[in-house]
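Summary of the model geometry
Each chain, letter by letter, is given below.
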Amino acid sequence: MNLTDRPLLRLLTLCILYVAQGIPYGFVTVTFVAYLAQQGKTVLEIGTLTAMATLPWTFKWVWGPFIDRFGYPAMGRRRPWILAAQLGMTFTILGMAFVPDPSNNLELIGWLVFLHNIFNSLQDVSVDALAVDLLREDERGRANGFMYGSKYFGMFLGGAFLSRM
């Protein structure tokens, strides 16, 4: 199943990867923040957690040259980075799931959120690089709109849908 030969599958794959970025981001910045406010946490505690969720995104510019320079050719140029990012995101979410009483262990949760968003930003840059590699120039604008919309959909799922659970 080659993505270069299947335009719909290519777009769907890129969008699914963006949904995967949005779900935990929406959960932390909407659902978990609301939960912490309900638990009586201070604005400083909630703001610190939110800052730790967003700070890794300011360093996305570091990933691009690194991703372009290093790779594992047997797996393709971008796949190893996307898989590493997904693995890191999975492990950090599992780590958060096993923190007892998260609202009273905010420092540990904050560092796990920070680490998770480092992997999340790595995936973002890797998927963008993959999109540039795979998409024709005339497809990029439309695909980028779908991808970004998919991230917002993921944020909705993480923020609104997971709050119901």
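Residues numbered from 1 in each chain as written. Predicted model: local features only at pLDDT ≥ 70, side-chain atom pairs only at ≥ 80, totals over all residues. Heavy atoms only, no water.

1. Quick word on the overall build of the protein chain
If you tally the helices and strands in the protein chain, you get six helices and zero strands. In the protein chain, the succession of helices and strands from N to C terminus is α-α-α-α-α-α. Its C-alpha atoms give the protein chain a radius of gyration of 17 Å, near enough to 15 Å, the size a compact globule of 165 residues would have. Oriented by its inertia axes, the alpha-carbon framework of the protein chain measures out at about 50 × 30 × 25 Å. Out of the 165 residues in the protein chain, the part that is buried amounts to 41%. Intrachain contacts of the protein chain at a sequence separation of at least 6 include 78% that bridge at least 24 residues. Of the charged side chains in the protein chain, 13 are positive and 11 negative, and the gap between their average positions amounts to 5 Å. (Helix = DSSP H or I, 4+ residues; strand = E, 2+ residues; numbered from the N terminus. Rg over C-alpha atoms; globule rule 2.2 N^0.38 Å. Buried < 20%, exposed > 50% of the residue type's maximum accessible area, 1.4 Å probe, protein only. Contact = heavy atoms within 4.5 Å. Lys, Arg positive; Asp, Glu negative; His and termini not counted. Charge placed at Lys NZ, Arg CZ, Asp CG, Glu CD.)

2. Overview of unusual backbone geometry
Phi is positive for Asp101, close to 50°, though the residue is something other than glycine. Position of Asp101 among the secondary structure elements: in the loop between α4 (79–97) and α5 (106–134). Of the residues examined, Asp101 reaches a relative accessible area of 40% and is grouped as partly exposed.

3. Concerning the packing of helix α1 (residues 7–38) against α5
Contact pair α1 / α5: the axes reach a minimum separation of 10 Å and the direction vectors enclose 160°. By the criterion of interaxial angle, the relationship of α1 to α5 is roughly antiparallel. As α1 packs across α5, the resulting crossing turns out to be left-handed. Its residues assigned to classes, the contact of α1 with α5 shows 16 nonpolar, five polar and three charged. (Axes fitted to C-alpha atoms, helices over the stretch in contact; angles between N-to-C directions. Parallel < 35°, antiparallel > 145°, perpendicular 65-115°, else oblique. Left-handed = near helix turned anticlockwise from the far one by under 90°. Nonpolar A, V, L, I, M, F, W, Y, C, P; charged D, E, K, R; others polar.)

4. So, the side chain of Gln123
Looking at where Gln123 falls in the secondary structure, it is placed in helix α5. When its relative accessible area of 0% is taken as the criterion, Gln123 is described as buried. The contacts of Gln123, once residues within four sequence positions are left out, are Leu17, Ala20, Gln21, Ala85, Gln86 and Met89.

5. What to know about the packing of aromatic side chains
Considering all chains together, one arrives at eight aromatic pairs under this definition. Aromatic pair Trp111 and Phe114: ring centres 5.6 Å apart, planes at 80°, arrangement edge-to-face. Of this pair, Trp111 and Phe114 both sit in helix α5, separated by three residues, roughly a single helical turn. Counting every residue linked through ring pairs, the aromatic cluster contains Phe27, Phe32 and Tyr35. (Phe/Tyr/Trp six-rings, centres within 6.5 Å; stacked < 30°, edge-to-face > 60°.)

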